[in-house]
Amino acid sequence: MREMNAETAGLQHSSLGDEIVGRINRLGQISETPEHLARVFLTPEHRAAADLILAWMRDAGLHAHLDAIGNVCGRYEGERPGLPCLMLGSHYDTVRDAGKWDGPLGLITAISCVADLHRRGRRLPFAIEVTGFADEEGVRFASTLLGSRAVAGTFNERVLSSKDSAGISMRDALAAFGLDPDHIGAAARAPSELLAYVELHIEQGPVLEAEHLPVGVVTAIAGATRLAASLTGMAGHAGTVPMLLRRDALTGAAECITTIEELCRTDDGGLIGTVGYIHAMPGATNVIPGQAAFTIDLRAPTDAHRKRAVADIVRQIEAVAKRRKLVLQVDVTHENRTVPCAPWLKAQVADAVAAEGHRVFELPSGAGHDGMAMIDIADVAMLFVRCRGGISHHPDEHVEVADVDIGARVLLRLIESFQPGPRSAKM
Ligand SMILES: [Zn+2]
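Residues numbered from 1 in each chain as written. Predicted model: local features only at pLDDT ≥ 70, side-chain atom pairs only at ≥ 80, totals over all residues. Heavy atoms only, no water.

It is worth spelling out the pattern of salt bridges at this point. The tally for this structure, following the rule as stated, stands at 26 salt bridges. When the shortest N-O distance is used, the salt bridge between glutamate 32 and arginine 96 registers 2.9 Å. Placement of the pair is glutamate 32 in the loop between helix H2 (14-28) and helix H3 (44-59) and arginine 96 in the loop between strand S3 (85-91) and helix H4 (104-119), with a sequence separation of 64 residues. Look at glutamate 32 and you get partly exposed, because its relative accessible area is 37%. Within the structure, one salt-bridge network assembled from shared partners comprises Arg75, Glu77, Glu129, Arg189 and Glu193. (Salt bridge = Lys/Arg side-chain N within 4 Å of Asp/Glu carboxyl O. Helix = DSSP H or I, 4+ residues; strand = E, 2+ residues; numbered from the N terminus. Buried < 20%, exposed > 50% of the residue type's maximum accessible area, 1.4 Å probe, protein only.)

Here helix H12 (residues 401-417) is 17 residues long and its end C-alpha atoms lie 24 Å apart, about the 24 Å a rise of 1.5 Å per residue gives. Within H12, 12 of the 17 residues are buried, which leaves the element mostly enclosed by the surrounding structure. (Expected span 1.5 Å × (residues − 1).)

Let us now look at the packing of H3 against H4. The geometry of H3 relative to H4 is characterised by a closest axis approach of 9 Å and an angle of 25° between their N-to-C directions. The angle between H3 and H4 places the two elements in the roughly parallel class. Facing Ile53, Trp56, Met57 and Asp59 of H3, the residues of H4 in contact are Leu107, Ile108, Ile111 and His118. Residue classes in the contact of H3 with H4 are distributed as six nonpolar, one polar and one charged. (Axes fitted to C-alpha atoms, helices over the stretch in contact; angles between N-to-C directions. Parallel < 35°, antiparallel > 145°, perpendicular 65-115°, else oblique. Contact = heavy atoms within 4.5 Å. Nonpolar A, V, L, I, M, F, W, Y, C, P; charged D, E, K, R; others polar.)

Turning next to the coordination of the zinc ion. For the zinc ion, every protein donor is listed as His91 (NE2), Asp102 (OD) and His201 (NE2), and the spread of their distances is 2.0 to 2.2 Å. Positions of the donor residues of the zinc ion along the chain correspond to the pattern H-x10-D-x98-H. Of this pair, histidine 91 sits in strand S3 while aspartate 102 sits in the loop between S3 and H4; the two residues are 11 residues apart in sequence, bridging distant segments of the chain. Judged by relative accessible area, histidine 91 falls into the buried class, the value being 1%. (Donors = N, O, S within 2.8 Å, 3.2 Å for Na, K, Ca; no water.)

Moving on: the pairing of strand S4 (residues 127-133). The buried fraction of S4 amounts to seven of the seven residues, a majority that puts the element mostly inside the structure. Burial along S4 is two-sided: Ala127, Glu129, Thr131 and Phe133 facing one way and Ile128, Val130 and Gly132 facing the other are all buried. Here five bridges tie strand S2 (residues 72-76) to S4, and the two strands are oriented antiparallel to one another. The partner of tyrosine 76 across the bridge, within S4, is isoleucine 128. By the bridge criterion, seven bridges tie S3 to S4 in an arrangement that is parallel. Looking across to S4, one finds that cysteine 85 is bridged to alanine 127. (Pairing = 2+ DSSP bridges.)

Another aspect to go through is the packing of aromatic side chains. Following the criterion strictly, the structure yields four aromatic pairs and no others. Relative to phenylalanine 141, the ring of phenylalanine 41 has its centre 6.3 Å away and its plane inclined at 90°; by these criteria the two rings are edge-to-face. Pair noted here: phenylalanine 41 is in the loop between H2 and H3 and phenylalanine 141 is in the loop between S4 and helix H5 (146-152), with a separation of 100 residues, a long-range link. Residue phenylalanine 41 shares its accessibility class with phenylalanine 141, and that shared class is buried. (Phe/Tyr/Trp six-rings, centres within 6.5 Å; stacked < 30°, edge-to-face > 60°.)

Glancing now at the packing of helix H10 (residues 343-355) against H12. Direction vectors running N to C along H10 and H12 enclose 125°, while the axes themselves pass 9 Å from each other. Classified by the angle between their axes, H10 and H12 sit oblique to one another. Where H10 crosses over H12, the handedness of that crossing is right-handed. Contacts from Gln348, Val349, Ala352, Val353 and Ala355 in H10 reach Val410, Arg413, Leu414 and Ser417 in H12. Looking at side-chain class alone, the contact of H10 with H12 contains six nonpolar, two polar and one charged residues. (Left-handed = near helix turned anticlockwise from the far one by under 90°.)

Among the secondary structure elements, arginine 337 is positioned in the loop between strand S13 (327-336) and strand S14 (339-340). Along the backbone, arginine 337 and asparagine 286 are 51 residues apart, and their C-alpha atoms lie at a distance of 44 Å. Once you skip the residues sitting within four places of it in the chain, arginine 337 turns out to touch Ile221, Gly223, Asp303, Arg306, Met372, Ile375 and Asp376. Only 3.4 Å separates the side chain of arginine 337 from the backbone oxygen of methionine 372, close enough to count as a polar contact. One polar contact links arginine 337 to aspartate 376, side chain to side chain, over a distance of 3.3 Å. (Polar contact = N/O pair within 3.5 Å; in protein donor to acceptor, adjacent residues only side chain to side chain.)

Here we come to the side chain of glutamine 204. In this fold, glutamine 204 is placed in the loop between strand S5 (194-202) and helix H7 (207-210). Within the local environment of glutamine 204, its side chain forms a polar contact with the side chain of aspartate 102, the two groups lying 3.3 Å apart.

Glancing now at the confidence of the model for the chain. Across the chain, pLDDT averages 94, with 96% of residues at or above 70. Ignoring residues within four places in sequence, the model shows residues 1-13, a span with pLDDT below 50, making four contacts including any to other chains. (pLDDT = per-residue confidence, 0-100.)

Attention now moves to the environment of phenylalanine 141. By relative accessible area, which is 6% here, phenylalanine 141 ends up buried. Sequence separation of phenylalanine 141 and valine 40 is 101 residues, and the distance between their C-alpha atoms is 9.7 Å. Residues contacting phenylalanine 141, with those up to four places away along its chain left out, are Phe41, Ser162, Lys163, Asp164, Ile168, Ser169, Met170 and Ala173.

In this section: the side chain of serine 143. Here serine 143 lies in the loop between S4 and H5. Once you skip the residues sitting within four places of it in the chain, serine 143 turns out to touch Asp135, Gly138 and Val159.

Here the focus is helix H6 (residues 170-177). Buried residues of H6: Met170, Ala173, Leu174 and Phe177, and no others. Looking straight down H6, one finds that the buried residues subtend no more than 100° of arc, so they occupy a single side. As for H6, its buried residues are in contact with H3, strand S1 (63-66) and H5. Downstream of H6 by a residue or two, glycine 178 has a phi angle that is positive, lying close to 100°. (Arc of directions from axis to C-beta.)

In structure tokens, the structure reads:
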């Protein structure tokens, strides 16, 4: 089967996927420790990765440099110099014990697509820029999207004084990397310089695999609301307090959690809810829990839907608490708006998928991406590539070379047939 795939892939196309996978493997070796891939913002490994990506960009015919936050920026001029650009990209930092595809696939595929244009001497009526965002995961300074926020001009200078777990401030880390922390503003781009931002990324979920499709068109990057809930009842002796007289905070939390699960399960609008943390106090085998705290992570393809769901969930767990004579406290700890992919741009991604002979399938992104920051200066679209088992943020993350090749061909077709769209009203 494998041999047949290699043959039927066709001679003129097989090189893109192979080149990309070779580079993914090479970049995946640049890590803090050899056993577990970790390439965290502004570390020596991060710098070594940036240098390698710069070299690949230059090979591909891009003018490349590091910007003020450590993003690797490459530019391929259009039919004449200075034209606004179609920006492509993804991030080159990783989580700890990461897979090697999350981020680098989109970045390296974009570089290979430009290299292909360059080999053919093809110039387009717009420039192409490829950006390797320095920090998307936010591992080191607990603040995500630092690279794309700097490009979008929304970088919050206050985070410069935040410190990593070793007590090193971002300001000092930037200086050690060879960057000037007082000039982050220089990384910002004007909306007039960008025609659109398009990112190819692994799906990080199992939907495309279940649909037997190599690629999918993203509808929106789902917004998220995180809540911290706490239930207070009455602690007591596990042997002496009869069941009907108890105010057990942990069983109350258990009922709240299954209520949340049921509400999300029966929702037909793509609502996703997770309780990923629970803590019971006093936390002893022979004591009725007097207090239980848990978190709720809620995501939906639209802000209106998510907000409605938050209200529904709070109402339902309030009812649980009331019936069980528990005191409920709920706080919103984090809120991210939904970032819709621009219809005009999404349609061009879909056309490229169809033109490459694949069924067009749309899906939302449950995970966050650099587009969440880029939307402030450009319309955004994303192309997802199937990954094995939907696994990501894990060393088992894997993409088949045939799918890498298909993703690259779709992206290349999108670039070559790209038509600038209407500038959106927010500019
Ligand atoms: Zn990513």
